[in-house]
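Geometric and topological summary
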Amino acid sequence: MKKYFKIFFSRFFFIALTIILLFLIDVVVVVGGVRLLTELFYFYFPTPGAWARWILKVIEWLILIITVLNIVNRDMLPETKIPWLLCVIGLNVFGVAIYIVFSHNRPSRRQRRKYLQLVEHSRAYIDSSVTQEETDAALENWADVVGSIQKQDGTSMFYRGTKTRYFPTGEKFFQSFLDDLKHAERYIFLEYFILARGKMWYETLDVLKAKVKDGVEVRVMYDDIGCMGKIRAGYYKSLRKAGIKCVKFNPFVPVVTNVHNFRDHRKIAVIDGKIGYTGGINLSDEYINETHPFGQWKDTAVRLEGEGVRGLILMFLHLYNLRTKETEDFAPYLSDTYEAFEDEGYVRPYGDGPRPLYKSQIGEETYINVLTHASKYVYIMTPYLIIDYRMRSAIVSAALRGVDVRIIVPHIPDKKIPFALTRSNYPALIKAGVKIYEYTPGFIHAKNFLADDEVAIVGTINLDYRSLLHHFENAVFMYGTKAVGELKSDFDETFAVSKLQTAESARKNIFWRAICEVAKVFAPLF
């Protein structure tokens, strides 16, 4: 009873209720508008003939036909067209109204203009000691993958001599993370999807407050909806009182729109411009297994030290300035010189986000390119396996040409429907020769790709529609770095405690299979 009482009076409940009420108001307005037009028609034509009824029917059909043609010819993911067509055809003019309100899945014109201005502003700070000739010679088969990232995300470069360290658990990450924060001298940037009350955040906050007193500039940006239920709505104000420059990204406003889909799902920490962290780990206790909501929680991160941190800095400053509506000088946060570490390969941090801020879905394109270029194996860790046709085809094609494709997903889910959707993809993939493992100790939240002992990707990008289409995300592409070998060891250890699945794993429950068939159709919209 206490649990339901807490949910009923939570901010999430009131926001969900507000969205439902606003949606109903929109429907009432549309219905009222149609009713008003009908009444006006019958006022001027008290006894309409068949010709008048035909005119109304023709107008209705024209609206439907124009909307259907718009959906079919619109530049959008093919999987999103099917649910919108079903909505319009099934609900008639009301479906058209829903399509008009919710389908324009893009940031506002003001946000687009500001973001492009910031990207152009940052070009003066993009620099790397690696030439294109060196990239082509050093990476050979993988040079095209990096080239594709560069064409789509020109906000950072490819870097050599950056020291990398991979963390296979949140506990190990947190020890190193706190130690680096304590040694900060100039500034600290933190950008996280979730901040939650508890040991992990409070210990971090204690260090941040101490650093502010020492004269270190501290900035924190968190996602408003991501933190809903974790911290109070005005929490950023208390951080500002402590001297921390804090903003919440894309705060909720009571408007019925898809703009709320654009969440800041990134996890970035930068210390003094020399050290950076990213990966799947948020600042919440389950990530360090202080709490166990879904068994053992496994997540990962990577630490960069050196020139490659520039990419993380620029990504942070872009979104931070987008939120504050400023265009600050980036130079004070970028070092002129970086220590070059020997026996390290190459790193390429990159961001992803909604179109048209980004030219395409860079996260998905990069994953597909790794699958296409691999010759021996591709290992994947992901909490969700809710993939579109292109990703499924790339995975299947890699397996069919003899690449050893293995995917690790959770055994204990955090959400039942996404888990059912994940399992619904097992049969087609397993039939093609893909090996799917479930992490038996609990929930795996890592987002990692590893290929041929040469290439690794560690970041925030899930294999689901939200990450690949809607969210702001980030990752690091690594070639020949020490973290690549460390990730390989972690995969081997994780396979050992995971269970290999069969096609029958997805066919245990007819009820959930039926839900999946419906959910698959509408998954791209959410």
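Residues numbered from 1 in each chain as written. Predicted model: local features only at pLDDT ≥ 70, side-chain atom pairs only at ≥ 80, totals over all residues. Heavy atoms only, no water.

1. A few points about the nonpolar core
Let me state the cut-off plainly: Nonpolar cores are built from buried Ala, Val, Leu, Ile, Met, Phe, Trp, Tyr and Cys residues. Side-chain atoms within 4.5 Å join them into one set. Whether a residue is buried, partly exposed or exposed follows from its accessible area with a 1.4 Å probe, protein chains only, as a fraction of its type maximum: under 20%, in between, or over 50%, in that order. Note on conventions: DSSP H or I runs of at least 4 residues are helices, E runs of at least 2 residues are strands, and numbering of each starts at the N terminus.
By size, the foremost hydrophobic cluster in this structure holds 98 residues, and its most contacted members are Ile 313 and Phe 477. Looking at this core element by element, the count peaks at 10 residues for helix H12 (residues 309-324). With 51 residues, the next largest nonpolar core counts Val 218, Ile 231, Ala 269 and Phe 443 among its residues.

2. What about unusual backbone geometry?
Each neighbour pair has its own omega, and for Arg 355 with Pro 356 the value is 5°, a cis peptide bond. As for its position among the elements, Pro 356 is in the loop between strand E10 (346-352) and helix H13 (362-373). In this structure, Asp 453 is a non-glycine residue whose phi angle is positive, near 60°. Mapped onto the elements of the fold, Asp 453 is located in the loop between strand E15 (448-451) and strand E16 (455-459).

3. Regarding the packing of helix H6 (residues 109-122) against H12
The cut-off we apply is this: What counts as an axis is a line fitted to C-alpha atoms, over the stretch in contact for a helix, and the angles between N-to-C directions run from 0 to 180 degrees. Helix crossings are classified by the rotation of the near helix relative to the far one: an anticlockwise turn of less than a right angle makes the crossing left-handed, while a clockwise turn makes it right-handed. The contact definition used throughout considers only heavy atoms, calling two residues in contact when any of these lie within 4.5 Å. All amino acids are sorted into three groups, where Ala, Val, Leu, Ile, Met, Phe, Trp, Tyr, Cys and Pro are nonpolar, Asp, Glu, Lys and Arg are charged, and the leftover types, Gly among them, are polar.
Relative to each other, H6 and H12 sit at 145°, their axes nearing to 10 Å. Crossing of H6 over H12 shows right-handed handedness. Side by side, H6 and H12 meet where Gln 111, Lys 114, Tyr 115, Leu 118, Val 119 and Ser 122 of the first sit next to Leu 314, His 318, Leu 319, Asn 321 and Leu 322 of the second. Here the residues of the contact of H6 with H12 are counted per class, giving six nonpolar, four polar and one charged.

4. A few points about the packing of helix H8 (residues 143-152) against H13
Which entries qualify depends on this criterion: By definition in this entry, angles of less than 35 degrees are roughly parallel, angles greater than 145 are roughly antiparallel, angles of 65 to 115 are roughly perpendicular, and the rest are oblique.
As a packed pair, H8 and H13 sit with axes 10 Å apart at the nearest point and diverge in direction by 165°. Regarding the angle of H8 to H13, the classification is roughly antiparallel. Judged by the sense of rotation from one axis to the other, the crossing of H8 with H13 is right-handed. Residues Asp 144, Val 145, Ser 148, Ile 149 and Gln 152 of H8 form the contact with H13, whose participating residues are Ile 362, Glu 365, Thr 366, Asn 369, Val 370 and His 373. A breakdown of the residues in the contact of H8 with H13 according to their chemical character gives four nonpolar, five polar and two charged.

5. Comments concerning the sheet that holds strand E7 (residues 275-279)
Note the threshold: Two strands pair under a simple rule: DSSP has to find at least two bridges between them.
As summarised here, the arrangement of the seven strands in space is E2-E9-E7-E6-E3-E4-E5, forming an open sheet in which the pairing is mixed. A strand with exactly one partner marks an edge of an open sheet, and here the two such strands are strand E2 (163-167) and strand E5 (245-249). The sheet shows a mean angle of 10° between the axes of neighbouring strands, taken without regard to direction. Bridging between strand E3 (residues 187-192) and strand E4 (residues 217-223) involves six bridges; their strand directions are parallel. Bridge pairing in E4 links Tyr 192 to Tyr 222. Each of E2, E3, strand E6 (268-271), E7 and strand E9 (301-305) is contacted by helix H9 (residues 170-182), which is oriented at about 150° to E7, the strand it contacts most.

6. Notes on the sheet that holds strand E17 (residues 473-479)
In space, the nine strands of this open sheet follow the order E1-E10-E17-E16-E15-E11-E12-E13-E18, with mixed pairing throughout. The outermost strands of the open sheet, each flanked by one partner alone, are strand E1 (159-160) and strand E18 (498-500). As paired strands, strand E11 (residues 377-381) and strand E12 (residues 404-410) are joined by five bridges and run parallel to one another. Bridging across to E12, Met 381 finds its partner in Ile 408.

7. A look at the packing of aromatic side chains
Test applied: Two aromatic rings from Phe, Tyr or Trp, using only the six-membered ring of Trp, form a pair when their centres are within 6.5 Å; if the ring planes differ by under 30 degrees the pair is stacked, by over 60 it is edge-to-face, and anything between is tilted. Charge-over-ring contacts are defined here by two conditions on Lys NZ or Arg CZ: a distance within 6 Å of the ring centre and an angle within 35 degrees of the ring normal.
Considering all chains together, one arrives at 27 aromatic pairs under this definition. Ring geometry for Phe 167 and Phe 173: centres 6.4 Å apart, planes at 80°, overall edge-to-face. For the pair formed by Phe 167 and Phe 173, the shared burial category is buried. When the ring of Phe 491 is compared with that of Phe 495, the centres are 5.8 Å apart and the planes differ by 35°; the resulting orientation is tilted. One end of the pair is Phe 491 and the other is Phe 495, both in helix H18 (residues 482-496) and four residues apart, which spans about a single turn. Accessibility assignment for this pair places Phe 491 and Phe 495 in one class, buried. Among the aromatic side chains, those forming a connected cluster through ring pairs are Phe 167, Phe 173, Phe 174, Phe 177 and Tyr 277. One Lys or Arg, Arg 406, reaches over the ring of Phe 495 and ends 5.1 Å from the middle of that ring.

8. Description of the pattern of salt bridges
Here is the rule: For salt bridges, the criterion is a side-chain nitrogen of Lys or Arg within 4 Å of an Asp or Glu carboxyl oxygen.
Under the criterion given, the structure shown has 17 salt bridges. A salt bridge links Arg 390 to Glu 364, with the shortest nitrogen-to-oxygen separation between them at 3.4 Å. Of the two residues, Arg 390 is situated in helix H14 (residues 389-400) and Glu 364 in helix H13; the sequence distance between them amounts to 26 residues. A salt bridge links Lys 415 to Asp 414; its shortest N-O distance comes to 2.9 Å. Among the charged side chains, a network of salt bridges with common partners joins Glu 217, Arg 219, Lys 245 and Glu 328.

These figures come from the coordinates and say nothing about function on their own.
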